[in-house]
Number of protein chains: 2
Amino acid sequence: MLKNVIVGQSGGPTAVINSSLAGVFRTALDLGASKVYGMRHGIQGFLEKNIVDMKEKVRSDLDLELLKRTPSAFLGSCRYKLPEISDDKAIYDKIFEILKEYEIDAFFYIGGNDSMDTIKKLSDYAILMNSPIRFMGVPKTIDNDLAVTDHTPGYGSAAKYIASITKEVIRDGLVYDIKSVTVIEIMGRNAGWLTGAAALATCEDCEGVDMICLPELPFDVDAFIEKTAELLKKKNSIVIAVSEGIRTAEGKYVFELTNHTEYVDSFGHKQLSGTARYLATLVSEKLGCKSRSIELSTLQRCAGHLTSRVDITEAYQVGGSAVKAASEGETGKMVILKRVSSDPYICTTDLYDVHKIANIEKKVPLEWITENGTNVSQELVNYIRPLIQAELTPVMITGQPRHIVIDRT
Amino acid sequence: MLKNVIVGQSGGPTAVINSSLAGVFRTALDLGASKVYGMRHGIQGFLEKNIVDMKEKVRSDLDLELLKRTPSAFLGSCRYKLPEISDDKAIYDKIFEILKEYEIDAFFYIGGNDSMDTIKKLSDYAILMNSPIRFMGVPKTIDNDLAVTDHTPGYGSAAKYIASITKEVIRDGLVYDIKSVTVIEIMGRNAGWLTGAAALATCEDCEGVDMICLPELPFDVDAFIEKTAELLKKKNSIVIAVSEGIRTAEGKYVFELTNHTEYVDSFGHKQLSGTARYLATLVSEKLGCKSRSIELSTLQRCAGHLTSRVDITEAYQVGGSAVKAASEGETGKMVILKRVSSDPYICTTDLYDVHKIANIEKKVPLEWITENGTNVSQELVNYIRPLIQAELTPVMITGQPRHIVIDRT
């Protein structure tokens, strides 16, 4: 039995992160929670007691449906990593004081690697302090790089977006009867899960992309140009998907090979973009061929207008499962997705010790990368395909997807 | 009464260009045409007799529905401008020979400015030669820059895509509790119709963009930075929509202010992109603020997964109207859209002399650009809003939009 619970969202937005929030909210109420609090901007807002009563923000079943269909963290997010307990005990005392003040007995954090680190530390501290408060992690990341779980909510919709857009870009490239090369840049600093999704463009009605380069293997610029030249001998329109994070054997990012001014993104990370632009320019220079580059950019993580119903449903389920587990006394765990079978696709949830998940990055298995790092295997396609299935239509108002916003009157 | 007709597509793809093709095809059959021929890659393919029988390519009602929902020219496109008749009579003789060979009595060309120039020249030549063959233009361009017609098919879907994506990008920017500036780059070399559509992001659930810069007015870099600094004083997340074609008072493209390597796109045009990237970098440098740039790029014209039903319906209607007009003996005309009223939205088709349309570029009226060129008026929003209404759901197969392709077995 739960009394009051609190939920937060952290890290990069996804198209379905709010479906997990809806799952936590609804399940907590169903299990008898009096209050479901939401922290604004994750643990950072929590420390400033920037806390809302979810029932005041999500007021009806229609609101709940809108929440499931609204991309990008409803409660706001943060990128904030808690210090080691031994380094700064004071901050933990403060957190537990606030939890006590709000009479909270379960804390849910929807996020990726860094967020699971938060759950790990807080649940450790609870054990240290003999506190009965439960801490549960709810997985979320478009990057699909969390350990143990079969996949992460958020990934399926991003993969669906990438697969669908790539099909459209391939079509667009086919209309002219001339030689051209299109390089699509896809997110993924170290893991190629998202870029690999470009392989799903291959269907009965689409030849698919001609090359896929993941960051798991070193990228050879000369081999890339050579292979592109070969491809151009066989067909007119070449489309190549590359990960923003591809690096040369020397460990240099490909975008660093350019002379372009570097700049940092909203989070102080060096902007990776520029990889596709560099390669497209190089193709033009070396092969005298028309080229263009397309960065899928932020849209991969915020395209609420094209989500996977499987993904949005699973996002809801992992939220609900976290609450159910906490109500049964579990703590220090993350909900994981366990694939029972791919065809037919059957997937259940389970719990796993967050200590064995936090801070570990799951990459694409090397045996799923083929042709000297220029393509991916059918295994990867079979793995991804079920995750992009079916749609959840956005609520369209006056021609645009409607979202729910937290600050309404 | 029509015997055989031929139809072609030319210029840049749109999400609904095939709906016009469907309208021509179906209406021609309904009006008793024996053969509906399609030219591959426009007039360029026609000159090589690269001609298909549409009935062999679109074989069922389901095919026709798929065609309406398939983005980017089904028949392929070209960028080919016919020479003046006085400069090269031979090419016209060749065209008319082929038309005679296929016993064609009406020729339909779906395209923008350059395509209307083709219709103008061919219909002029028919008059010169006393040929009874009719030549009709079917308007198409995401740029909405064709004269006389209220708007062009293709624009509504591009505007809907831009308006919806902009809403999602604004939401994405709101999740972090830090100062940041996002610059979105939207297509439009000389006309700001597409960039103006970013204004539609403003809804009950969205504050909208903070600045809109169209190419119709000179762009002042210093004033831009100053205004951005002001905006940042009032709120955290600033989103700015700029046209790729904005120029300084000296006529220099903003993207030319950078040191980036220039490269040409697939059509030999100097790549305009880089405007948003330049401005985002400048914001970071001058204001010490996090920034990012997003290029909507090709997706604006090929996003068949997010189309306007109004647009797709009108695209079909202009195709059908062209055939009907030709069957009644009209030639040398383009079908135009005439708005009867905006609220409720009522629109009809009419015909207009193609001589008065070809090669004229329609820009956004200056009185619809406000605040020293940093915003647009409600009139522009009211003009665009009806054009993005309602959806035509793509046929989704295994999680992705299904298209019809011309080369099937």
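Residues numbered from 1 in each chain as written. Chains lettered and ligands numbered in written order. Predicted model: local features only at pLDDT ≥ 70, side-chain atom pairs only at ≥ 80, totals over all residues. Heavy atoms only, no water.

Chemist: Just checking my understanding: could you explain helix α6 (residues 113-128) of chain B for this structure?
Modeler: Residues spaced three or four apart along an α-helix point in a common direction, a consequence of the helix completing one turn every 3.6 residues. Residues and elements named next belong to chain B. For α6, spanning 16 residues, the distance from its first C-alpha to its last is 23 Å, which sits close to the expected 22 Å at 1.5 Å a residue. Most of α6 is tucked away, with 12 of its 16 residues classed as buried. What α6 keeps buried is the set Asn113, Ser115, Met116, Asp117, Thr118, Ile119, Lys120, Lys121, Leu122, Ser123, Tyr125 and Ala126. For α6, the elements touching its buried residues are α2 (42-47), α5 (89-101), β4 (104-111), β5 (134-139) and β10 (333-342). Following α6 by one or two positions, asparagine 130 adopts a phi angle in the positive range, close to 60°. (Helix = DSSP H or I, 4+ residues; strand = E, 2+ residues; numbered from the N terminus. Expected span 1.5 Å × (residues − 1). Buried < 20%, exposed > 50% of the residue type's maximum accessible area, 1.4 Å probe, protein only. Contact = heavy atoms within 4.5 Å.)

Chemist: How do you make sense of the environment of isoleucine 294 of chain A when you look at a structure like this?
Modeler: Here isoleucine 294 of chain A shows up in strand β9 (residues 290-295). Sequence spacing of isoleucine 294 of chain A and proline 215 of chain A is 79 residues, and the spatial spacing of their C-alpha atoms is 18 Å. Discounting residues that sit within four places of it in the chain, isoleucine 294 of chain A has contacts with Val169, Thr182, Val183, Ile184, Glu185 and Ala276 of chain A together with Ser297 and Thr298 of chain B.

Chemist: Got a minute to help me understand the interface of chain A and chain B in this structure?
Modeler: By a widely used convention, the size of an interface equals the accessible area lost when the partners come together. Contacts between the two partners involve 81 residues from chain A and, on the opposite side, 81 residues from chain B. Both faces considered, chain A and chain B share a buried interface measuring about 6600 Å² in area, 52% of it formed by carbon and sulfur atoms. Counting the contacts that link chain A with chain B gives eight salt bridges. Among the salt bridges present, the one from glutamate 295 of chain A reaches arginine 277 of chain B, with a minimum N-O distance of 2.8 Å. At the surface where chain A touches chain B, the tally comes to 47 residue pairs in polar contact (both at pLDDT 80 or more). Taken together, the elements giving at least two residues each to the side of chain A that touches chain B come down to α7 (155-174), α10 (275-287), β9, α11 (299-302) and β15 (400-401) of chain A. By residue number, the principal contributor to the side of chain A that touches chain B is α7 of chain A, which donates 11 residues. The residue makeup of the side of chain A that touches chain B, split by class, is 32 nonpolar, 30 polar and 19 charged. (Buried area = accessible area lost by both parts, 1.4 Å probe. Salt bridge = Lys/Arg side-chain N within 4 Å of Asp/Glu carboxyl O. Polar contact = N/O pair within 3.5 Å; in protein donor to acceptor, adjacent residues only side chain to side chain. Nonpolar A, V, L, I, M, F, W, Y, C, P; charged D, E, K, R; others polar.)

Chemist: In this structure, what is going on with unusual backbone geometry? I would like to understand it.
Modeler: Negative phi characterises most residues that are not glycine, and trans characterises most peptide bonds. Between aspartate 343 of chain A and the following residue, proline 344 of chain A, the backbone shows a cis peptide bond with an omega angle of 5°. You can see proline 344 of chain A is positioned in the loop between β10 (333-342) and β11 (345-353). The phi angle at asparagine 144 of chain A is positive, at roughly 60°, despite the residue not being glycine. By secondary structure assignment, the location of asparagine 144 of chain A is in the loop between β5 (134-139) and α7. At glutamate 371 of chain B, a position not held by glycine, the phi torsion is positive, near 45°. For glutamate 371 of chain B, the location among the structural elements is in the loop between β12 (369-370) and β13 (375-376).

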